[in-house]
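Here's the letter readout for the chains.
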Amino acid sequence: MSAKVSPTKGNLMKIKKSLELAKVGYELLDRKRNILIRETMGLIDSAADIRKRINESYRLAYEALAKANMGLGVVDDFAACVPVENGLSLSSRSVMGVEIPKVRLEAEKADNYYGFRRTTAKLDEAYKLFNEAKVLTAELAETENSVYRLATGIKKAQKRANALKNIVIPRFEEQVKTITSALDEKEREEFSRLKVIKSYIE
C-alpha cells in the first residue's frame with residue numbers, strides 16, 4: 001500500500017528520482033551478489049582441495065609420530081624442545097565491501113631442536129610432516145573463513161536486493177502511478193473549467 005503523498009509535480013519528480021536510484025541500487029546489489037557468489041565458488045573448490053591434502057598430511061604425520069613413539073617411547077620431552085610457532089600474521093582484503101582474511105604463516109625453517117644423539121630419523125620425519133600440516137592448516141583456516149564471510153555478504157546483499165525489488169521499487173511505482181493519475185484528473189478538471197468559462201464568456 002503506497003504512503004500518502006501530496007499529488008504535486010514537485011513530489012512526482014522527487015519520487016521518480018528515488019525510483020531511478022532504487023533501480024540502480026538494485027542492479028548494483030545484484031551485480032555485487034553475483035561477484036561474491038563467483039568468488040565463493042572458487043574458494044569452495046580450493047577449500048575441498050586443501051581439505052584433501054590436509055587429511056593426507058595429518059595421516060602421514062600421525063603415522064610417522066606413531067613410529068617415532070615405538071622407537072623412542074613417548075616423545076613429549078623432545079616435542080617440548082620445539083619452539084612455539086609465532087610466524088602467524090593476519091591481514092584482510094576487500095571483495096565488494098566484504099572484508100576477508102589473509103592468513104600468512106611464515107613457518108620457521110625445519111631445524112633439529114632436540115639433538116641427534118637420543119633421537120632417530122623417524123622423529124625428524126614426524127616433525128617435518130607436522131610442520132607441513134601446520135602450513136596447510138593456516139591455508140585452510142583462511143579459505144574457510146573467507147567462504148563464511150562471503151556467504152554472509154551474499155545473504156545481506158540478497159536481503160537488501162529483495163527489499164528493493166519487492167517493497168521499495170513497487171511502492172515508488174505505485175506512488176508515481178497515483179500522483180500521475182491525480183495530476184491528470186486535475187488537468188482534465190481544469191480543462192473542463194476553462195471550457196465552461198470560455199463558453200460562458202462567449
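Everything below is about the structure printed above this text.
Procedures and definitions
- Residues numbered from 1 in each chain as written.
- Predicted model: local features only at pLDDT ≥ 70, side-chain atom pairs only at ≥ 80, totals over all residues.
- Heavy atoms only, no water.
- Helix = DSSP H or I, 4+ residues; strand = E, 2+ residues; numbered from the N terminus.
- Buried < 20%, exposed > 50% of the residue type's maximum accessible area, 1.4 Å probe, protein only.
- Contact = heavy atoms within 4.5 Å.
- Areas by Shrake-Rupley, 256 points an atom, 1.4 Å probe, with all protein chains shown as cover.
- Pairing = 2+ DSSP bridges.
- Polar contact = N/O pair within 3.5 Å; in protein donor to acceptor, adjacent residues only side chain to side chain.
- Phe/Tyr/Trp six-rings, centres within 6.5 Å; stacked < 30°, edge-to-face > 60°.

### Quick look at the overall build of the protein chain
Each helix and strand in the protein chain was counted, giving three helices and two strands. Secondary structure elements in the protein chain, listed N-terminal to C-terminal, are α-α-β-β-α. Put simply, the protein chain has 202 residues, and 26% of those count as buried. Of all intrachain contacts in the protein chain linking residues separated by at least 6 positions in sequence, the fraction that spans at least 24 positions is 77%. Carbon together with sulfur atoms contributes 57% to the accessible area of the protein chain, which is approximately 14,100 Å² in total.

### With respect to the environment of Gly97
Assignment of secondary structure puts Gly97 in the loop between strand E1 (88-95) and strand E2 (98-105). By relative accessible area, Gly97 is classed as exposed at 59%.

### Digging into the pairing of E1
One ladder, built from eight bridges, connects E1 with E2; its direction is antiparallel. Across the sheet, residue Ser91 finds its bridge partner in E2, namely Lys102. Linkage of E1 to E2, two consecutive antiparallel strands, is achieved through a turn of two residues, within which Met96 is found at a positive phi near 50°.

### Concerning the environment of Ser18
The residue Ser18 is located in helix H1 (residues 9-72) in this model. It is 7.5 Å that separates the C-alpha atoms of Ser18 and Phe172, two residues lying 154 residues apart in sequence.

### Focus on the side chain of Ser146
Checked against the element boundaries, Ser146 lands in helix H3 (residues 121-201). A polar contact is formed between the side chain of Ser146 and the backbone oxygen of Glu142, at a distance of 2.7 Å. Among all residues touching Ser146, those that are not within four sequence positions of it are Leu43, Ile100 and Pro101.

### What about the packing of aromatic side chains?
Tallied over the entire structure, the rule returns three aromatic pairs. Note on Tyr58 and Phe130: the rings are 6.4 Å apart at their centroids and 70° apart in plane angle, and the pair reads as edge-to-face. With a gap of 72 residues between them, Tyr58 in helix H1 and Phe130 in helix H3 connect regions that are remote in the sequence. A ring pair is formed by Tyr62 and Phe130, whose centres lie 5.1 Å apart and whose planes are at 85°; its orientation type is edge-to-face.

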